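Here is how the chains run, residue by residue.
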Amino acid sequence: MFALRSTTAASVRSASKLAPALAALARFKSTSSSATSLKQRVEQLIPEKNAEVKEVKQKYGDRVLGETTVNMAYGGMRGIKGMIWDTSLLDADEGIRFRGLSIPEVQQQLPKPKGATETTPEALFWLLLTGEIPTAAQAQSITDELNSRASLPQFVIDLIDRCPSTLHPMSQLSLAVNALQHDSQFAKAYHAGINRKDYWDPVFEDSLDLLAKLPLVASRIYRNVFKDGKHGSVDASVDYSQNFANLLGFAENAEFADLMRLYLVIHSDHEGGNVSAHTTHLVGSALSDPYLSFAAGLNGLAGPLHGLANQEVLRWIIKMQEEIGTDTPTEDQIREYCWATLNSGRVVPGYGHAVLRKTDPRYMAQREFAQKNLPEDNLFKTVSALYKIVPGVLTEHGKTKNPWPNVDAHSGVLLRHYGLVEQDFYTVLFGVSRAFGVLSQLIWDRALGFSIERPKSLTTESIRAMFEKK
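Since this is a predicted model, take the numbers as computed values, not measurements.

Let's talk about the overall build of the protein
Within the protein one finds 22 helices and 3 strands. Each principal axis of the C-alpha distribution contributes one length, and for the protein these read about 80 × 70 × 45 Å. A separation of at least 24 residues holds for 77% of the contacts in the protein among residues at least 6 apart in sequence. Accessible surface for the protein amounts to roughly 21700 Å². Of this, 52% is attributable to carbon and sulfur atoms. Counting 50 positive and 52 negative side-chain charges, the protein places the averaged centre of each group 6 Å from the other.

This is how it looks when you write it as C-alpha cells:
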C-alpha cells in the first residue's frame, strides 16, 4: 500500500520479519496532504504502468529496436536505442516533448501563478510524474510542499561557506548535494530492509527534499562567490522560481522571475541519453539514492560538451564583439568572424545538436521571451543576427549535420540582460532545472523495478576478429 500507515506494536510483533521495513516506512510518512495527493496519484498509476511494461515486454520483448554499428560503439553509443525514459522524448524534427506535450503546449496548458506569464517547474513536475496536466490547485500543492521542505542542515551551510571562492560553482553544488545525502530517506529505508516494491516511496521523499533545497544551495554558492555573502530565506507565499530569484538577489524584478520559470521548465528534461540524465539513471540503477545519483549527473553536466556549453556561447559572442570593436557588429562582420572561427579549427558554439535537425524549440521559447521583453538589447540583436547568418555559413562549410541553434545559443544573453553576468554560474542554473526531469524519471525507475544498467563492451581486437572471421 502506498499510503504510509502507522502500525501498532502488536502488529509489528506479529510480523517480526517485516518490522524493520515497516518501522522505516512509518518514519517516512508524509505529514503534508499536498504531497500525499501527488503520491496517491503516482501510487494509482504504478500498477497500470507495471502492467503496461509487462505487456510490452511480453508482446515485443524479442523485437529488434535498431541496429548497432561499429561506428556507434566508437562514437559514444550515439543513437543506440538501449534505455527507457518515459518523462520526455526528443524528436529530430519536433524537438522535446514532455509526456507528449511540446514546449508551446506546455506553456499554454500548464497553470501559471497569479501575475506570471510563464508556467512553473512545479506544474511540470506534476506532468512529468503523472502524465497529466495539473490543476492550479495541484501545482500550488507542489509549491507549498517544496516551500515547507526548504531548509538546509547547518553542517551543509558550513560546508558551502568554507569552500574557497576559487572552487567552481558546479563543484560546490555537487559537493553540497553529496553532503545532503546524510539525510537520505531511501538509504535509511534500504538499510532497514524495505520491500523493493516500496523503493519508490522514499525515493519520492528524497527527490522532493532535494528539489526544495537546491535553490538554497545554489543561491548560497552564488552569494558567497560573486556577491556579499548575505543570504535570504524562502518566502512560503511565492512559487519556486520567485523564491529562487529572490534568493539570488533579483527580488524586485518580476521579469527575471518569469525568466527563471521559463529557464527551469525548458532545461528540465531532454530524454534519457544525454550525459546528465543518463548518469543519474545509471548510478540510480545501482540503488544509489537520489542524492548520490543526482550528484553524479551534476558532474557530467559540468563538462564543456554538455552543460558548460551555455557559458561558452556567451564568451564567444563577447569575444567577437571585442575583436570587432563594437557591440553592434554588422552581418558581414559576423559572417567573417564565423568563418575565422571555423577556419581555425574551432566550432561556432550554440549551433548543432546530437539529435535535432531543426532549430531547438527551447531556443525559440527563449527568443520569443526576448522579443517580448528585451527587443532593443544589443546582445539580443547580435544573437538574432547569428540566427540569420550562422546556419548558412555552416551549411556552406559542410561539416555540420544540423546548422541550427540549440538551447545554449540563447540562455546566456537573457541572464546577462537582467544582471546575472557571472558565466561560471550558468551551469548551476542548468543543474537546478535538470533535477526536475531526472528525479521524476528516477522515481519511476524504482516504481517499475528497473534493473541495474550493464551494457556489454567489446575490445577493438574482438571487433576486428568478429568481422575478419566472416
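Some points on the packing of helix α6 (residues 121-130) against helix α21 (residues 426-447)
Pairs of packed helices are described in terms of their axes, by the angle between the two and the distance that separates them. Where α6 meets α21, the axes come as close as 10 Å, and the angle between the chain directions of the two elements is 30°. With respect to α21, the axis of α6 lies roughly parallel. As α6 packs across α21, the resulting crossing turns out to be right-handed. Along the contact surface, α6 presents Pro121, Glu122, Phe125, Leu128 and Leu129, while α21 presents Phe436, Gly437, Ser440, Ile443 and Trp444. Split by residue class, the contact of α6 with α21 holds 7 nonpolar, 2 polar and 1 charged.

What to know about the UniProt feature "active site" (unreviewed entry) in the protein
Per the UniProt entry, the sites bearing "active site" (unreviewed entry) are His306, His353 and Asp408 in this numbering. Across 103 residues of sequence, these annotated residues stay compact in space, with a maximum C-alpha separation of 10.7 Å. For His353, the position within the fold is in the loop between α17 (331-343) and α18 (361-373). The residues touching His353, leaving out its near neighbours within four places in the chain, are Leu90, His270, Arg362, Asn402 and Asn406. For Asp408, a relative accessible area of 9% translates into the label buried. With sequence-adjacent residues up to four places away left out, Asp408 is seen in contact with His306, Ala309, Asn310, Val313 and Phe430.

Comments concerning the nonpolar core
A general feature of soluble globular proteins is that nonpolar side chains tend to end up buried together. Counting residues in hydrophobic clusters, the biggest one holds 121 residues, and the most contacted among them are Phe256 and Leu420. Counting residues per element, this core draws most heavily on helix α11 (residues 200-226), which supplies 14 residues. Every residue in contact with Leu420, bar those within four places of it in the chain, is listed here: Tyr222, Leu248, Phe250, Phe256, Leu415, Phe425, Tyr426 and Leu429.

About the thresholds
- Residues numbered from 1 in each chain as written.
- Predicted model: local features only at pLDDT ≥ 70, side-chain atom pairs only at ≥ 80, totals over all residues.
- Heavy atoms only, no water.
- Helix = DSSP H or I, 4+ residues; strand = E, 2+ residues; numbered from the N terminus.
- Contact = heavy atoms within 4.5 Å.
- Areas by Shrake-Rupley, 256 points an atom, 1.4 Å probe, with all protein chains shown as cover.
- Lys, Arg positive; Asp, Glu negative; His and termini not counted.
- Charge placed at Lys NZ, Arg CZ, Asp CG, Glu CD.
- Axes fitted to C-alpha atoms, helices over the stretch in contact; angles between N-to-C directions.
- Parallel < 35°, antiparallel > 145°, perpendicular 65-115°, else oblique.
- Left-handed = near helix turned anticlockwise from the far one by under 90°.
- Nonpolar A, V, L, I, M, F, W, Y, C, P; charged D, E, K, R; others polar.
- UniProt positions renumbered as here; feature names shortened; annotations may be inferred.
- Buried < 20%, exposed > 50% of the residue type's maximum accessible area, 1.4 Å probe, protein only.
- Core = buried A, V, L, I, M, F, W, Y, C linked by side-chain atoms within 4.5 Å.

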